[in-house]
Structures are given as structure tokens and as C-alpha cells.
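Structural overview for review
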Amino acid sequence: MIIVTGCAGFIGYHLCKNLLAQKHKIIGIDSVNEYYDPELKKSRLAQLLSTPDFSFHKIDICDFESMEKIFESSNPEIVCHLAAQAGVRYSITHPFAYQKSNNEGFLNILELSRRYKVKNFVYASSSSVYGKNSKLPFSEDDPVDQPISLYAATKRSNELTAFCYSHLYKLNTSGLRFFTVYGPWGRPDMALFIFTKAIIENRPIEIFNNGKMMRNFTYIDDIVDGIVRVINNPKPFEIYNIGNDRAENLLDFIAEIESCIGKKAIRNYQPMQMGDVPSTVADIRKIQSLGYQPKTNIDIGIRNFVNWYRDYYRV
Ligand SMILES: NC(=O)c1ccc[n+]([C@@H]2O[C@H](COP(=O)([O-])OP(=O)(O)OC[C@H]3O[C@@H](n4cnc5c(N)ncnc54)[C@H](O)[C@@H]3O)[C@@H](O)[C@H]2O)c1
């Protein structure tokens, strides 16, 4: 039995689909909150619910008693904890949402994993923990004590708390530092979704730092492959970069979206935003030692997203 929190979210949904195809039994947890359109989350959930091996509880992970009942009745072997308040920019305006879900909620799931003797606790961290670091590519061995958003600070705090639980209670924990995940069913607050929607609707797109940004855009199927490898390889305490081994220039990424849509974007160049970093480039050698190798280039990945977008929104 595997508990996946954040199962109605972008990554959680794809992970559940993959695990269900491998005949795992999944208990999905999600509060289906309104950070972005809950209808998109419900559509993802509807697909998962069509599989008998998937059961769902609409619960906030901050509700310890309700979460404990689920652990008690299901005795999960594995917990994959993805539920969190995501987004760097939103953390500037909504700090307490991060304090609740990412600190309090995280501790609830970690503590229950300890009490119910889970064999592998895998959780979402973020490439944003690299904060002010300028040495590229980012390596798991680099010091990460200069986060530049509250979001990043909560994710780093998760890693430290996991270390403590691994050390004190011998709970196997693995943290995943995701690098800009994209693909079908993606998040409406992320660049690919925002740009695609704006270009289709003939609205301008805002390009921050005048486009001088490098990102390790990582396709969702590659990410899911990596998560499954980490789930299948419990370690006493580990942190993995999970990204692409190719970094893309933001302007090339936009050009690829324009080519897939068949229309030029109206470009509105803007300065750097608070909390944002100019480059996120991953050293992925550690997760590659588990057999992980990202396979999807942005031309294929963006095309898959644009096709999904047109189909889902009927445009
Ligand atoms: N997508 C990325 O590029 C990326 C990058 C770095 C880190 N991450 C991390 O990966 C994880 C999954 O990200 P995603 O892109 O799928 O985000 P998402 O927002 O699509 O999914 C998160 C899900 O968690 C749920 N949730 C939030 N707070 C909750 C709470 N208190 N109780 C129960 N459910 C709650 C939300 O309703 C949502 O469905 C998150 O922890 C995120 O911080 C994602």
C-alpha cells in the first residue's frame, strides 16, 4: 500500500497513474485547495478514481487526527509526500499558507510515517533551495543555507527535519529537488501554461529578467520515472536533484512554444522578480546512479503539452 499526498496535483496525478499501471494499491490524499483552478484537480482525480486500486480522501494534511486514521487503517509501506503549497511568487504574498502546509503538514506526515513504521518516506523538496548559490550546476553537496523565498526556506526546512527523523528513528527518507517540471495536465501558475494560454488568447507574455534565464525544464514522464526509482530504493537519508541534464534558455523555450502553437508571442520584457533566480541547472549524477536518465526533449514535451491544452480547453 502506498500513500500519495497531493494526488490531485500535477506531479501526484502522474505518479499515481504510473503506480496504478504497475498494479500498486494507492491511497491518495489531497485537500483540492483553490491555489489554482480546482476543476483541473477534479478532472485529474476523476481519471484516477476510475481505477479500483485507487482510493481517495479529501483531507488537509494539517488535520493530524484524520490523517492518523488513514495510516492506522491502511498501514502503508511507502509514503510519497507531494502535497505542499507550491510556487515561489505566491510565497511573497501568502507566507502563512507555506507555514501551514509545508511546515506543519510536512511534520504531520513525517511523524505518522515514523509511528506507523513506513519503509520509505519520499518527499518533494525543490531546486529553489539552492537560493543565492551561483556555482553551476547545482550539486546535492553544495551548501544550501541562503534561500531567497519563504517557499525555498520551507523546503530546506523539510530536508533538515527529514535528516533529524532519519537519524533519531532510523526512518528511511529521500528528498527530491525537482527542477521546473512541465507537461500535460501541468500547473496553471507555471511558465509553459501561462505562455501557452496568453499566446492562444493573443495577450502579451511577461518575460522576466529580460529572458536571461536558464532552466532545467524536466518533462513529467521523466520525473515520474525518477520518483519511482527512488521509491524502489529506500536509503537511510538521501537528497536527490531530479532534473534534466540539459539546460534551456528561456527564450528558446518560448520559441518552441510559438512553433507548436503556430503563432508569435507578444513579448513584454520585465526585470527580475523577487524570489526568482536566473539559473537552475542540475547536477543529476546521484539519481543517475539509480538508472534515471531524462529522455524527453523540449520539442516533444512542449508539443505534448500544447496538444493536451488545446484538447482539454477545446481551443
Ligand atoms: N512542479 C514543479 O516544477 C515543482 C518544482 C519544485 C518542487 N515541486 C514540489 O512538488 C510537489 C508537487 O508539485 P505540483 O507541481 O504537483 O504542485 P500542485 O500544486 O499541482 O500539487 C500539490 C497538491 O497538493 C495539494 N495540497 C496543498 N496543500 C495541501 C494540504 N495542506 N493538504 C492536502 N493537500 C494539499 C493541492 O491541492 C495540490 O493538488 C510540491 O511539494 C511542490 O512544492 C514542484
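Residues numbered from 1 in each chain as written. Predicted model: local features only at pLDDT ≥ 70, side-chain atom pairs only at ≥ 80, totals over all residues.

**Considering unusual backbone geometry**
Defined as follows: Each helix corresponds to a stretch of at least 4 residues labelled H or I by DSSP, and each strand to a stretch of at least 2 residues labelled E; elements are numbered beginning at the N terminus.
With an omega of -5 degrees, the peptide bond running from Leu136 to Pro137 counts as cis. Along the polypeptide, Pro137 turns up in the loop between β5 (120–126) and α6 (150–169). At Lys170, a residue that is not glycine, the phi angle is positive and equals roughly 55 degrees. Counting through the fold element by element, Lys170 comes out in the loop between α6 and β6 (173–178).

**Considerations on helix α7 (residues 191–200)**
Defined as follows: Residue burial is a threshold on neighbouring C-beta atoms within 10 Å of the residue's own C-beta, all placed from the backbone, with 20 or more meaning buried, 12 or fewer meaning exposed, and counts in between meaning partly exposed. To be clear, the arc concerns the directions from the helix axis to the C-beta atoms. A pair of residues counts as a contact when their C-beta atoms, built from backbone coordinates, are separated by no more than 7 Å.
Among all positions of α7, only Ala191, Leu192, Phe195, Thr196 and Ile199 are buried. Projected down its long axis, α7 shows its buried positions confined to an angular sector of 120 degrees, all on one face. Packing partners of the buried residues in α7 comprise β7 (181–182), β8 (204–207), α9 (250–261) and α11 (298–312). One or two positions beyond α7, positive phi appears at Asn202, with a value near 60 degrees.

**Observations concerning the site of the ligand**
Test applied: For each residue, a C-beta atom is placed from the backbone, and the residue is labelled near a molecule or strand when this atom is within 6 Å of it.
Around the ligand, the structure places 27 residues, and the nearest of them are Gly6, Gly9, Ser31, Ala84 and Ala124. Mapped onto the shell around the ligand, the elements with two or more residues apiece are α1 (10–21), α5 (95–115) and β5. Sorting elements by how many residues they give to the shell around the ligand places α1 first, with three residues.

**Quick word on the pairing of strand β2 (residues 26–30)**
For the record, the criterion: In this description, strands pair whenever DSSP reports at least two bridges between them. If you view a crossover with the strands going away from you and the path from the first strand over the helix to the second runs clockwise, you call it right-handed.
Of all five residues that make up β2, five are buried, and the element is covered over most of its length. Both faces of β2 are covered, namely the face carrying Ile26, Gly28 and Asp30 and the face carrying Ile27 and Ile29. Pairing geometry for strand β1 (residues 2–5) and β2, over four bridges, is parallel. Bridging from a neighbouring strand, Ile2 pairs with Ile26 of β2. Where the polypeptide runs from β1 across α1 and back to β2, its parallel neighbour, the crossover connection is right-handed. Looking at chain direction, β2 and strand β3 (residues 54–58) are connected through five bridges and run parallel. Each bridged residue has a counterpart across the sheet, and for Ile29 the counterpart in β3 is His57.

**Some details on the packing of α5 against α6**
In plain terms, the rule: Axis definition: a line fitted to C-alpha atoms, limited for helices to the stretch in contact. Angles are taken between N-to-C directions and run from 0 to 180 degrees. Here roughly perpendicular refers to angles of 65 to 115 degrees, roughly parallel to angles under 35, roughly antiparallel to angles over 145, and oblique to all remaining angles. Take the far helix as your reference; a near helix turned counterclockwise from it by less than a right angle gives a left-handed crossing, and one turned clockwise gives a right-handed crossing. Note that Gly is not counted as nonpolar here; it falls among the polar residues with everything else outside the nonpolar set of Ala, Val, Leu, Ile, Met, Phe, Trp, Tyr, Cys and Pro and the charged set of Asp, Glu, Lys and Arg.
Where α5 meets α6, the closest approach of the two axes is 10 Å, and the angle between their N-to-C directions is 15 degrees. Classified by the angle between their axes, α5 and α6 sit roughly parallel to one another. Pair α5 / α6 crosses with right-handed handedness. Counting all contacts with α5, which are made through Pro95, Tyr98, Asn102, Asn103, Phe106, Leu107, Leu110 and Arg114, the residues of α6 involved are Leu150, Tyr151, Thr154, Lys155, Ser157, Asn158, Thr161, Ala162, Tyr165 and Tyr169. In terms of residue class, the contact of α5 with α6 is built from ten nonpolar, six polar and two charged.

**A short note on the packing of α1 against helix α8 (residues 220–231)**
Packing of α1 against α8 leaves a shortest axis separation of 10 Å and a crossing angle of 65 degrees. For the element pair α1 and α8, the recorded crossing hand is right-handed. Counted together, Ile11, His14, Leu15 and Asn18 of α1 and Ile220, Ile223, Val224, Ile227 and Val228 of α8 form the full contact between these two elements. Its residues assigned to classes, the contact of α1 with α8 shows seven nonpolar, two polar and no charged.

**Topic: the sheet that holds strand β9 (residues 214–215)**
One open sheet accounts for three strands, arranged β12-β9-β14; its pairing is mixed. Every other strand in the sheet has two partners, leaving β12 (248–249) and β14 (279–280) as the edge strands with one partner each. Examined bridge by bridge, β9 and β14 share two bridges and lie parallel to one another. Considered in β14, the bridge of Met214 is made with Ser279.

**Remarks on the nonpolar core**
Short version of the rule: A set of buried residues qualifies as a nonpolar core if it consists of Ala, Val, Leu, Ile, Met, Phe, Trp, Tyr and Cys joined through C-beta atoms within 7 Å.
Counting residues in hydrophobic clusters, the biggest one holds 85 residues, and the most contacted among them are Val4, Cys16, Cys80 and Ile227. Here the element with the most residues in this core is α1; it accounts for seven residues. Residues contacting Ile227, with those up to four places away along its chain left out, are Leu15, Cys80, Val122 and Leu176.

**Here we look at helix α2 (residues 38–49)**
Put simply, the rule is: Under the convention used throughout, the expected extent of a helix is 1.5 Å for every residue step, that is, one less than its residue count.
Taking 1.5 Å of rise per residue, twelve residues should cover 16 Å, and α2 covers 16 Å from first to last C-alpha, within 8% of that figure. When we look at burial in α2, the residues that qualify are Leu40, Lys41, Arg44, Leu45 and Leu48. One face of α2 carries all of its buried residues, which in axial projection span an arc of 135 degrees. Away from its buried face by more than 90 degrees, α2 exposes Glu39, Lys42 and Ala46.

**Here we look at the environment of Tyr116**
With respect to the element layout, Tyr116 can be found in the loop between α5 and β5. When the C-alpha positions of Tyr116 and Asp60 are compared, they lie 19 Å apart, and in sequence the two are 56 residues distant. Non-local contacts of Tyr116, meaning those with residues more than four positions away in its chain, are made with Phe71, Asn75 and Pro76.

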